[in-house]
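# Structural characterization, general
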Amino acid sequence: MKPLSAEAKSLGVSRRGFLKTSAALGGSLVFGHLPDVACGASSRGATTLAVADLPAGAAPLPVTCPHFPSPLHTFVWRNWSLVPIERMARAVGARRSDLVRMGRAMGIGAPPRISRDQQARSYLTVIKRNWHLLPYDQLLELLGWDAEQLAYTLREDDFLFIKLGSLKPRCEPLRYQPPDEAVLQREREIAQTLREECPALPARQREPLFTFVSQLSRLPAARPRTEPTGKLSFCYSYFALYGDPLLEPEADPYPEGLLARLAQAGVNGVWLQAVLYKLAPFPWEPDRSAQHEIRLKNLRQLVARARQHGIRLFLYLNEPRMMPLRFFEDRPQLKGVVDGDHAALCTSAPEVQEYMVNAVATICRAVPDLGGFFSITASENPTNCWSHGKGAQCPLCRQRTPAEVIAGVSRLFAEGIRRAGTNTELIAWDWGWNDAWAGDAIRQLPAEAALMSVSEWRLPIQRGGVKTEVGEYSISAIGPGPRATQHWQLARERGLRAIAKIQAGNTWELSAVPYIPAVENVARHAESLRGADVSGLMLGWTLGGYPSPNLEVVAETLAGGSADAAMRRVAERRFGPRLAPAVVEAWRGFSSAFREFPYHIGVVYSGPQQLGPANLLWGEPTGYRATMVGFPYDDLNAWRAVYPPEVFIQQLNRVADGFDQALRLLESATAELQPKALPTHRQALEAEARVAEAAMIHFRSAANQARFVMARGAWSGAKTPAETDSHRAELRCVLNAEIALARRLFQLQSRDSRLGFEASNHYFYVPCDLQEKILNCRHLLDHWLAAQG
């Protein structure tokens, strides 16, 4: 996840903001204080870390799960479908047969086979579900990792420690204990609840986790595709892993089938994260660049494969990377601004400038067909001395303006491209640039660069009577906004090309579906951008790269058609002429409903909509703050941001109602047509309906959870029996509604492995989590509410 907007920072939802707001729970760690393992898992030998070195914050007590008879049962349940049973047993000092007995007793059947590929693709899901269960040493045993690999993942894997709340709960060691009769009885009750409420689907109806990877990796059937416009349209892989994909060919982020499908959807560019010292020699510590030649060779091969599909590959640069303070002990001339126990490689230092130029030139010479680079120079990840506005603390950079330093980084990249003599493109992204100097930075960019700006930034909106502005990551609002428009104009005056960054597939408004089927909103945005005369589009950050109708309609609209004509053409290609008109009407309905979403950058980062009904409910406040696209907990004040609680709930229900109505109309309109449609078109319609229904469930559940937290607080403060009864009735209603939604989503995800997944978070939930939510709600109904009279 890239860093957050200025609006987010002002609300305490940026990386630093999350650290501040978690202070009450001890989350005082900043990235600079994480252990230095910058070389990554593949070169960890240089540093030896102990478990005690891993970050913990103030280590508050974990949340409890009273719907299970013990934390060990929670552990077995949550890891059953993700971790090999032998590894689970080793982690808690049990025999394999002990855990098998527990699982069977709770009704979850025999241990499934967990492939190596599934383990490699689900480590984030495993970490998150055990964060409140296991201390670090047992978590490492469960993962099969050492402390250095976990430290690297917490630091480098998309701000993972921030997503986890910048703290590690203080978990007691978890060890196997033989069950007593009360535990055995509770196991039987859990199995009975499963049989009554949410039995597993027959095996022939289930789609195993990550099935979509093999499906998308296979070459698709030939079909008509959008004619290329010549404008750049690039996106990220739907299932790329962080780590070191250029050294791990088995984790190919762009297999042939995915490239072919993206090309069919009108995509002509893709991107990968890059670290300069992993792709080119690092002159001061050569070990950091170990195997860079192999990475360059694999990059060259990937670029060649992509070009066969008419797709260019871009590398994302966020440079130069900070170094630990010890690095500067005998190199003080390189040292810039200090951040914790790291410091910037000062880009005003001639040696650093030469390193950056040479590194880019090395990459371009080795991979002359590389499509280009795009860079963020003021991100939450500190790089140059002015990237966080602290350049005055550097003896060299205090003599230069922020604009000069920020634009100077792009000038170094451009010089590297010139030295290599290639046609590699350079895109400078104005993300995080301060209004006070952004214009000057644009005017100082190299002439070869293009300027990219988030299209919808600062777009004024009003939802439920609440006025606010869009930051980014929005499909519910149709750009462009005033900030991008102004910056593009400044770029054109400088003679630079303008590029728009949008989210075409999905957003943090909802990322747990492969795409949000609000296709009209996406088409209207593309139509507006065609009128804004941009020369290319970034179609999304790490989310939204599924080869969806959304991506396809952007390409059709940019090719010159109206938004209406583009939707019609895409629908006919995907669903056939019989079903297409009804699908287009459904897209309009979903889009209209989604324009009611209570957008605010605080909502999209903190709200419970990513987990939907998989987010548990608690009878007592947890005291935890919602984390950034991680754990929502029960933090309603963070969820709703600027919206009053009642308005927040109202708007989410309006979105869910609109999706539900559009789905019903779609089902009604296609009921008689489906038998006459081709099987592939019927299957496409069924898949579209699953995505839309899952989205509706997420929005409805987010509203329900807010209702629950409100009613819980009102119930505890009720002053009369009538008030008590009213709030108890509301709580009972919400709990039953959540059971129904969890059951529906369980059925959907069991059939469609795409649901619940997002590349930088892996699975937000898996089917057993939705079954757990049912246990959670039943326990609250049968014990918590009943105990309160």
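What follows concerns helix α11 (residues 181–197). Here α11 is 17 residues long and its end C-alpha atoms lie 24 Å apart, about the 24 Å a rise of 1.5 Å per residue gives. On the buried face of α11, the contacting elements are α3 (71–79), α5 (96–105), α27 (721–751) and α28 (767–787). For α11, the side-chain oxygen to backbone nitrogen distance between the N-cap and Ala182 is 3.2 Å, and the N-cap itself is Asp180.

Time to look at the packing of helix α25 (residues 645–670) against helix α26 (residues 679–716). Interhelical geometry of α25 versus α26 gives an angle of 155° and a closest axis separation of 9 Å. It follows from the interaxial angle that α25 and α26 lie roughly antiparallel. Here the hand of the crossing between α25 and α26 comes out left-handed. Split by residue class, the contact of α25 with α26 holds 19 nonpolar, two polar and six charged.

It is worth spelling out the packing of aromatic side chains at this point. Given two aromatic rings, their pairing is described by the distance between the two centres and the angle made by the two planes. Evaluated as defined, the whole model comprises 46 aromatic pairs. Summarising the aromatic geometry, the rings of Tyr277 and Phe282 are spaced 5.8 Å apart at their centres and angled 65° between planes, so their arrangement reads as edge-to-face. This pair shows no difference in class: Tyr277 is buried, exactly as Phe282 is. Put simply, the rings of Phe210, Phe212, Tyr238, Phe239, Tyr515, Tyr546, Phe757 and Tyr763 pair up and form one aromatic cluster. A cation over an aromatic ring shows up here: Lys168 above the ring of Tyr136, its NZ or CZ 5.7 Å from the ring centre. Sitting above the plane of the Phe327 ring, Arg331 keeps its charged end 4.4 Å from the centroid.

Looking now at helix α19 (residues 482–493). Between the first and last C-alpha of α19 there are 17 Å, a value that for twelve residues agrees with the 16 Å anticipated at 1.5 Å per step. The complete set of buried residues in α19 reads Arg483, Ala484, His487, Trp488, Leu490 and Ala491. Projected down its long axis, α19 carries its buried residues within an arc of 160°, all on one side. The elements touched by buried residues of α19 are α18 (435–443), β9 (450–454), β12 (497–501) and α20 (519–531).

Regular strands show a simple pattern: their side chains alternate between the two faces of the sheet. Side chains Ile461 and Arg463 project from strand β10 (residues 460–463) onto a buried face, and the interleaved Pro460 and Gln462 project onto a face without burial. Taken together, the four bridges between β10 and strand β11 (residues 466–469) define a ladder with antiparallel strand orientation. Paired with Ile461 across the bridge in β11 is Thr468. Between β10 and β11, which pair antiparallel and follow one another directly, the connecting turn spans two residues, one of which, Gly464, has a positive phi of 60°.

A few words on empty space enclosed by the protein. Following the criterion strictly, the structure yields seven cavities of 30 Å³ or more and no others. When its volume is computed, the largest cavity comes out at roughly 420 Å³. Lining of the largest cavity is provided by 22 residues; of these, Arg78, Lys128, Arg129, Leu611 and Phe631 occupy positions nearest its centre. The set of elements that each furnish at least two residues to the lining of the largest cavity consists of α7 (123–130) and α28. Ranked by residue count, the leading element in the lining of the largest cavity is α7, at three residues. Residue classes in the lining of the largest cavity are distributed as 13 nonpolar, four polar and five charged.

Relative to the elements of secondary structure, Arg654 occurs in helix α25. Remark: the alpha-carbon pair of Arg654 and Ser668, spanning 14 residues in sequence, is separated by 21 Å. The contact partners of Arg654, leaving out residues within four places of it in the chain, are Ala593 and Glu596.

Turning our attention to the sheet that holds β9. With parallel pairing, the eight strands of this closed barrel are ordered in space as β1-β2-β3-β7-β8-β9-β12-β13. With strand direction ignored, the average angle separating the axes of adjacent strands in the sheet is 30°. Examined bridge by bridge, strand β7 (residues 372–376) and strand β8 (residues 425–429) share five bridges and lie parallel to one another. By the bridge assignment, Gly372 is partnered in β8 with Glu425.

Moving on, we come to the side chain of Arg295. Mapping Arg295 onto the fold places it in helix α15 (residues 292–307). With a relative accessible area of 3%, Arg295 lands in the buried category. Of note is the side chain of Arg295, whose polar atom sits 2.9 Å from the backbone oxygen of Ala290.

With that settled, the discussion passes to the pattern of salt bridges. For the structure on display, the rule yields 53 salt bridges. Note that Glu197 is salt-bridged to Arg743, the shortest N-O span being 2.4 Å. Of this pair, Glu197 sits in helix α11 while Arg743 sits in helix α27, placing them 546 residues apart in sequence. Take Arg743: its relative accessible area is 29%, and that puts it in the partly exposed class. A salt bridge links Glu256 to Arg305, with the shortest nitrogen-to-oxygen separation between them at 3.1 Å. Highlighted residues: Glu256 in helix α13 (residues 256–264) and Arg305 in helix α15, separated in sequence by 49 residues. Salt bridges here are not isolated pairs; linked through shared partners, they connect Glu520, Arg524, Glu527, Asp564, Glu585 and Arg588.

We now examine the pairing of β12. Of all the five residues making up β12, four are buried; the element is thus mostly covered by neighbouring parts of the structure. Where β9 lies against β12, five bridges are found, and the strand directions are parallel. Paired with Ser453 across the bridge in β12 is Ala500. For β12 and strand β13 (residues 536–538), the ladder comprises three bridges, and the chain directions are parallel. Following the sheet pairing, Ile499 is matched in β13 by Gly536. What joins β12 to β13 is α20, and the crossover it makes is right-handed.

This part is about the confidence of the model for the protein chain. Of the residues in the protein chain, 94% have a pLDDT of 70 or more, and the chain-wide mean is 92. Across residues 1–46 the pLDDT falls below 50, and counting only partners more than four positions away or on other chains, this stretch makes 146 contacts in the model.

A few words now on the nonpolar core. Counting residues in each nonpolar core, the largest one holds 267 residues, and the members touching the most others are Phe75, Phe373, Phe374, Trp541, Trp587, Phe659 and Phe699. Discounting chain neighbours no more than four positions away, the residues touching Phe659 are Ile516, Pro517, Phe590, Ala593, Phe594, Ala692, Ala695, Met696 and Phe699.

For the second largest pocket, the calculated volume is near 990 Å³. Along the walls of the second largest pocket sit 28 residues, with Arg261, Tyr546, Arg574, Thr680 and Ala684 positioned nearest its centre. Those elements giving two or more residues to the lining of the second largest pocket turn out to be α12 (211–217), α13, α22 (563–594) and α26. Examining the composition of the lining of the second largest pocket, we find that seven residues originate from one element, α26, more than from any other. Here the lining of the second largest pocket is built from residues that sort into twelve nonpolar, five polar and eleven charged.

What counts as what
Residues numbered from 1 in each chain as written. Predicted model: local features only at pLDDT ≥ 70, side-chain atom pairs only at ≥ 80, totals over all residues. Heavy atoms only, no water. Helix = DSSP H or I, 4+ residues; strand = E, 2+ residues; numbered from the N terminus. Expected span 1.5 Å × (residues − 1). Contact = heavy atoms within 4.5 Å. Polar contact = N/O pair within 3.5 Å; in protein donor to acceptor, adjacent residues only side chain to side chain. Axes fitted to C-alpha atoms, helices over the stretch in contact; angles between N-to-C directions. Parallel < 35°, antiparallel > 145°, perpendicular 65-115°, else oblique. Left-handed = near helix turned anticlockwise from the far one by under 90°. Nonpolar A, V, L, I, M, F, W, Y, C, P; charged D, E, K, R; others polar. Phe/Tyr/Trp six-rings, centres within 6.5 Å; stacked < 30°, edge-to-face > 60°. Buried < 20%, exposed > 50% of the residue type's maximum accessible area, 1.4 Å probe, protein only. Lys NZ or Arg CZ within 6 Å of the ring centre and 35° of its normal. Arc of directions from axis to C-beta. Pairing = 2+ DSSP bridges. 1 Å grid on protein atoms, 1.4 Å probe; cavity = no way out; pocket = protein on both sides within 12 Å on 5 of 7 lines; lining within 4 Å. Points joined across faces, edges and corners; volume = space filled by probe spheres on them. Salt bridge = Lys/Arg side-chain N within 4 Å of Asp/Glu carboxyl O. Right-handed = clockwise from strand over helix to strand, strands pointing away. pLDDT = per-residue confidence, 0-100. Core = buried A, V, L, I, M, F, W, Y, C linked by side-chain atoms within 4.5 Å.

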